[in-house]
Protein chains: 2
Amino acid sequence: MHSSDKIVAFAGGVGGAKLAYGLYHTVPPENLTLIVNTGDDFEHLGLHISPDLDTVMYTLADLANPQTGWGVRAESWGMMSALTRYSGPSWFNLGDQDMATHLLRTLGLRQGHSLQWVTQDLCQRLAIRCAILPMSNQPIRTMVQTDDGELAFQHYFVEQRAQPIVTGLRFAGAESAELTPEVVAAIEQANLIIFCPSNPMLSIAPILAVPKLRSLIQASRAPKIGVSPIVGGQAIKGPAAKMMRELNLDVSPVGVARYLAEVVTVWVIDEADAVYALPLHELGWEVLVTATMMHQAADKIRLANEILAF
Amino acid sequence: MHSSDKIVAFAGGVGGAKLAYGLYHTVPPENLTLIVNTGDDFEHLGLHISPDLDTVMYTLADLANPQTGWGVRAESWGMMSALTRYSGPSWFNLGDQDMATHLLRTLGLRQGHSLQWVTQDLCQRLAIRCAILPMSNQPIRTMVQTDDGELAFQHYFVEQRAQPIVTGLRFAGAESAELTPEVVAAIEQANLIIFCPSNPMLSIAPILAVPKLRSLIQASRAPKIGVSPIVGGQAIKGPAAKMMRELNLDVSPVGVARYLAEVVTVWVIDEADAVYALPLHELGWEVLVTATMMHQAADKIRLANEILAF
């Protein structure tokens, strides 16, 4: 890689944000574009909430809660305590500092700005120097089909704690969503495309559901590197492994690779999964085996460096 | 007074809420209706904020901050600190617990409910047993005409700290506002009407600007008791005295009485102003001289009892 090379990384929430952090501290930020899942977005208490955009933004601004990976560090919960006093809806936790983000975003959208514009505005206010773009300005809402019926994502994920058995996914609104010129340009100009270790079904699939995005990636001659979020038969975080089992997918880097077969050319897998290097290679992928667990900032930067060096 | 007598009290913010608290703990709450100024209401960060309704509601729910008289006790300020980090508008302080009120109210209004409905809903959630009614469901906005031009109330009061010299007041939207059936019924059925010691110009005048309200009060045969918010030539709280001087009004109970001449039949003035009892009497008012400063809950209840006994 040269320092002038342009990099696009697709990311969901916590896992994606970790690698995004590593990239942000490894390459010149003006050459980095993060395209982030908005399938988890929802309206709550009249606020437009974009959990993955916020996680990436807080992580890059060094504001994220180091314990959870999401939310703001040293958060307080006064609003939630008052909401509970009102017997209001308390199933989704909104921190007090976090509220400022939701208020400013919702206000910007109500004033007629696009989600991309509002996101850029918030990032500028936090002095983030790379581009963070929502996958689309139009709403795409991940609907989780379960043995309990179809659930809006946050109801499945937060209210029901990802307990229902998943039978399928639907990305409501995807058919009428559009890519922004900025997303198109970033992918067309990219010298490297990275799929961060985010949930393939809940974070990457909704991004790929935006019309024309899949073919745009396929048309790119840049290497397309995926980092497996499944390590040692488990998801690093969240319900990915449980959901893969329920959808009869192989809970391994091979299962992930097959799920994202059309858009990834190189797989980065953990040393714990070295056994999958040969099968992946035989199925046509290049493979980098390394330590992919990102506990500390140094891990994130090291992994980013290894990916760029490869 | 009999315990079946129905009482209406008009109130603004802190001063009004103190007497409202006294009344609430003196008469059967189902016979008490508080009609509250909404001229201070405004939209901020996409939220509908009703400062006087909140002050009265928090006071009756025993949630008010005892130091300030407004806002919620043991409040935290995480949202404001994050808003400041965003370089967002920080001139108006919104506490974290307070935010839950603004979110629920704004959501209710967006869902098509009236301000009165939303207010009743919030009060029920806080187990408040008397009626708290906004003076109107339609927006009336107090505009302060100053040597600095016309300012929306909160910009005059909070952002400019009531510093500009006031030359007049305008209650924007009053001409198209309407009384609710509940406000009309409360006044028609009242056996006693009380004007709490709120700012005559900023809290009482906007209420009286609702079409038909003034004549409705005048038509009532109930005693109409006003409690002077001016004591010893000063406002108990806030800019009332400064504003009266600027508007060439006499900064005394007599000045207040003349300003509200058409709607009040009895004046309650402080012992410090006993000298005004005779002039007020000669001008045609009945007068009760007593201790009107309400520092403690006991003061509020005692004053309420004295008014009711008179």
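Refer to the structure presented above.
The structure reproduced in this document is the subject of the present report.

Parameters at a glance
- Residues numbered from 1 in each chain as written.
- Chains lettered and ligands numbered in written order.
- Predicted model: local features only at pLDDT ≥ 70, side-chain atom pairs only at ≥ 80, totals over all residues.
- Pairing = 2+ DSSP bridges.
- Helix = DSSP H or I, 4+ residues; strand = E, 2+ residues; numbered from the N terminus.
- Axes fitted to C-alpha atoms, helices over the stretch in contact; angles between N-to-C directions.
- Buried ≥ 20, exposed ≤ 12 C-beta atoms within 10 Å, placed from the backbone.
- Right-handed = clockwise from strand over helix to strand, strands pointing away.
- Contact = placed C-beta atoms within 7 Å.
- Nonpolar A, V, L, I, M, F, W, Y, C, P; charged D, E, K, R; others polar.
- Least-squares fit on C-alpha atoms with pLDDT ≥ 70 in both.

**Describing the sheet that holds strand β8 (residues 166-172) of chain A**
All names here are of chain A.
- With antiparallel pairing, the three strands of this open sheet are ordered in space as β7-β6-β8. If you trace the sheet from one side to the other, it starts and ends with β7 (149-152) and β8, each paired once. With strand direction ignored, the average angle separating the axes of adjacent strands in the sheet is 25°.
- Pairing geometry for strand β6 (residues 141-146) and β7, over four bridges, is antiparallel. By the bridge assignment for β7, V144 is matched with L151.

**Regarding the sheet that holds strand β6 (residues 141-146) of chain B**
Residue and element names in this part refer to chain B.
- Pairing is antiparallel across the open sheet formed by three strands, whose spatial order is β7-β6-β8. Edge strands, defined here as strands with exactly one partner in the open sheet, are β7 (149-152) and β8 (166-172). With direction set aside, neighbouring strand axes in the sheet form an average angle of 25°.

**Thoughts on the pairing of strand β13 (residues 266-270) of chain B**
Residues and elements named next belong to chain B.
- When you tally the buried positions in β13, you get five out of five residues, the bulk of the element.
- In β13, alternate side chains face the same way, and those of V266, V268 and D270 on one face and W267 and I269 on the other are all buried.
- The pairing of strand β10 (residues 224-227) with β13 spans three bridges and is parallel. Bridge pairing in β13 links V227 to V268.
- Taken together, the five bridges between β13 and strand β14 (residues 286-290) define a ladder with parallel strand orientation. Directly across from V268, in β14, lies its bridge partner L288.
- Read as a crossover between parallel neighbours, the route from β13 over helix α12 (residues 277-282) to β14 is right-handed.

**So, the interface of chain B and chain A**
- The interface of chain B with chain A comprises 25 residues on the first partner and 25 residues on the second.
- Among the elements of the structure, α3 (78-85), α4 (96-110) and α5 (115-125) of chain B are those that each provide at least two residues to the side of chain B that touches chain A.
- A breakdown of the residues in the side of chain B that touches chain A according to their chemical character gives twelve nonpolar, nine polar and four charged.

**Considerations on the relation of the copies chain B and chain A**
- For the pair chain B and chain A, the best superposition has an RMSD of 0.0 Å and corresponds to a rotation of 180° with a translation of 0.0 Å parallel to the axis. Accordingly, the operation relating the two chain copies is best matched by a two-fold axis. Measuring from the rotation axis to each C-alpha of chain B, the shortest distance belongs to B:D96, at 3.0 Å.
- In this assembly the copies share their binding face: 100% of the residues contributing to the interface of chain B also contribute to that of chain A.

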